[in-house]
Amino acid sequence: METNKLLQKLNPADSFTLAMDEEIRSDGLAGSFGCFALQLEDQPDMNKLSQRIEEFAERFPVARASLKQVGKFYYWVDRKDPPPLFHYHKYPQEYDPADFQKDTLIAVMNKCETRETLAPIEFHWVSGKTGGVFFIRWIHPFCDARGADLIFKFLCTANREQRDMLGMPETGSLVNTRLKQYKWWQKALLFFKAKRHIDRLDQMISIQPFELPQDNLQLDYQVQRLSPEQTIKVNEMARQTVGLGCISLYYIGCLMRALEQLNSEAKGEAYCVPYAFNLRKQRAVTPMLGNHICALFAQASRKQVQNRRGLFEHLKKQHTEVIRKQLDYAFLPLMWAGGFLSLDKYGKVMRLAHGKDHERSSFWFSDIAQVDLNNDCFFDAKISGVFHVCHVSSPPSFALLSCIHRQQLTLSYCFVKPVATSKKIDRLQHLMLTELLAES
Amino acid sequence: MKQKLRDFIFEELIFVAKPKQFSDDDDLLEAGLDSMGIMRLIMFIENEFGITLPDNEIEPDNIRSFNTLQSWILTHDKS
């Protein structure tokens, strides 16, 4: 029997994202795909771009690998039929360019393929009348958002020697590296600490701001880009309200309040929000592939959300306690243990409140922070904006991604239709902006 | 004190290709110290030096460099 060469075993954080992929698929959506997009004012140099993508795939063969289960664990394996990575979508004259770009991106994100046959990463150019959108779509075990940032850096870096430094030296999994720092009894202590923390979160039923899941689900997104002046104001308000150390919590708190105003009738007792943080050092150029993240939760009762000042004091105190008690790293042994479960069982453990059948998350959140591209051009085309999109399970059917590029805060509202509608997200954007700019 | 801060920041929080060339006046925020990193740094300082740093003083001017960090810590160090 012909066997495929094993290229790489999934690390515990990769397995965590793979279990979420299984959950998203079982909810009737395409899978745990992430997308990082550049809006360009001109067409990039296509020859140079396709050569650079080829170079990337040669340097990182996992880019053309396939996922395979061997025993209990999953591996990236070599495949005989390497998939095409670069796709060109030519703008038809009868279409509105902005509609064509968005419709194409949504179609790519909603395309259903088995994990075994899809390409772990794809590069897409969607042309418009003049410029267009260049985006990468990846399945989450392949890399995380910071890794996607590094892949863009790899593509953008003109100098070969500087490109070679990206992703080098190979460090392996940062989750495994940190786990190795603990003795077995420390891991056990952390495991139970994290479990108790989650049990405490589960004492309150999480609010689901959107309706219950329906049929024919599709991912959709809207992008809200603040002006540089608005971004400065939001940063000032965030610093005043939660301090320099908790900027992400400002976005989370504002969104909790905006959702509460959008649907104050939604059932549940508290907003519970998982958000990932990165184990890489800031500005590190390695590791590029794989997931190197751990999870945190922000939770606030409906009553706390209604009092703006009290909400931010509560979220800040909660976050400080989590860091002080090292509850952030406590989830690492949980992720390691989860890798031994079946994907279905692991997914349910992550999503459902312990001993109950309600969803733990009210929405997903990720703060990508400063997007650090080498320059303002991408293969000679000027970058006018960036945004991210991600899939989310249903429920909660909604995720918010934030980033800052060229002094502009960009918020990506990712939502599952028809559970959430474009009209509701328009209203949510308006409420969110009001909250972000509000004087405390 | 500065060496302990340097070791923690460069080992745990930010990547700098040549840490020895990073001066005590260079900008840590420009070098990538983010909000999560700041929280971890505050917790490290409080544990390591046995002091409490008031929330309302967590300002860019106090965190910007190793020199400003040291000055800030010393204003709260009663030992």
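Residues numbered from 1 in each chain as written. Chains lettered and ligands numbered in written order. Predicted model: local features only at pLDDT ≥ 70, side-chain atom pairs only at ≥ 80, totals over all residues.

1. Quick notes on the nonpolar core
When a protein is soluble and globular, its nonpolar side chains tend to lie buried together.
Residue and element names in this part refer to chain A.
Right, so step 1: Grouped together as the largest cluster of nonpolar side chains are 144 residues, with contacts concentrated most on Ile-151, Ile-252, Ala-399 and Cys-414.
Right, so step 2: Examining the composition of this core, we find that ten residues originate from one element, helix α9 (residues 247-262), more than from any other.
Right, so step 3: In this structure, this core is formed jointly by two domains, domain 1 (6-165) and domain 2 (174-368 + 393-437), each of which donates at least three residues.
Right, so step 4: Every residue in contact with Cys-414, bar those within four places of it in the chain, is listed here: Leu-219, Tyr-221, Val-389, Cys-390, Val-392, Ala-399 and Leu-401. (Core = buried A, V, L, I, M, F, W, Y, C linked by C-beta atoms within 7 Å. Buried ≥ 20, exposed ≤ 12 C-beta atoms within 10 Å, placed from the backbone. Helix = DSSP H or I, 4+ residues; strand = E, 2+ residues; numbered from the N terminus. Domains from an automatic or database assignment. Contact = placed C-beta atoms within 7 Å.)

2. As for the interface of chain B and chain A
Right, so step 1: Taken together, the contact between chain B and chain A spans 19 residues of the former and 14 residues of the latter.
Right, so step 2: Ranked by residues supplied to the side of chain B that touches chain A, first place goes to helix α2 (residues 35-49) of chain B with eight residues.
Right, so step 3: Among the residues forming the side of chain B that touches chain A, the class breakdown is twelve nonpolar, three polar and four charged. (Nonpolar A, V, L, I, M, F, W, Y, C, P; charged D, E, K, R; others polar.)

3. A word on the packing of helix α1 (residues 12-26) of chain A against helix α13 (residues 343-351) of chain A
All names here are of chain A.
Right, so step 1: Orientation of α1 relative to α13, taken along the N-to-C sense of each, is 90 degrees, at an axis distance of 8 Å. It follows that α1 is roughly perpendicular to α13 by the angle criterion. Taken together, the residues of α13 that come into contact with α1 (itself represented by Leu-18, Ala-19, Met-20, Glu-22 and Glu-23) are Leu-343, Asp-344, Tyr-346, Gly-347, Met-350 and Arg-351.
Right, so step 2: Here the residues of the contact of α1 with α13 are counted per class, giving six nonpolar, one polar and four charged. (Axes fitted to C-alpha atoms, helices over the stretch in contact; angles between N-to-C directions. Parallel < 35°, antiparallel > 145°, perpendicular 65-115°, else oblique.)

4. What about the sheet that holds strand β7 (residues 132-139) of chain A?
Residues and elements named next belong to chain A.
Right, so step 1: Spatial ordering of the open sheet is given by β5-β6-β7-β2-β13-β12, a layout of six strands whose pairing is mixed. This sheet does not close on itself; its edge strands, each paired only once, are β5 (86-89) and β12 (377-378).
Right, so step 2: Lying on the sheet, helix α4 (residues 145-156) is in contact with β2 (33-40), β7, β12 and β13 (381-390); it crosses β2 at an angle near 40 degrees. (Pairing = 2+ DSSP bridges.)

5. Describing the environment of Pro120(A)
Residues and elements named next belong to chain A.
Right, so step 1: Its place among the elements puts Pro-120 in the loop between α3 (97-110) and β6 (121-127).
Right, so step 2: When the 23 C-beta atoms within 10 Å are taken as the criterion, Pro-120 is described as buried.
Right, so step 3: Separated by 18 residues in sequence, Pro-120 and Trp-138 have C-alpha atoms that sit 5.6 Å apart.
Right, so step 4: Setting aside residues up to four positions removed in sequence, Pro-120 forms contacts with Val-62, Ala-63, Ala-65, Trp-138, Ile-139 and Phe-142.

6. A few points about unusual backbone geometry
All names here are of chain A.
Right, so step 1: Cis geometry is found at the peptide bond from Ser-394 to Pro-395, where omega equals -5 degrees.
Right, so step 2: Within the element layout of this structure, Pro-395 appears in the loop between β13 and β14 (398-405).
Right, so step 3: The linkage connecting Pro-395 with the following residue, Pro-396, adopts the cis geometry, with an omega of 10 degrees.
Right, so step 4: Located in the positive-phi region is Arg-283, a residue other than glycine, with phi close to 70 degrees.
Right, so step 5: Along the chain, Arg-283 falls in the loop between β9 (270-278) and β10 (293-301).
Right, so step 6: For Arg-406, which is not glycine, the phi dihedral falls at a positive 50 degrees.
Right, so step 7: Within the secondary structure, Arg-406 is located in the loop between β14 and β15 (408-417).

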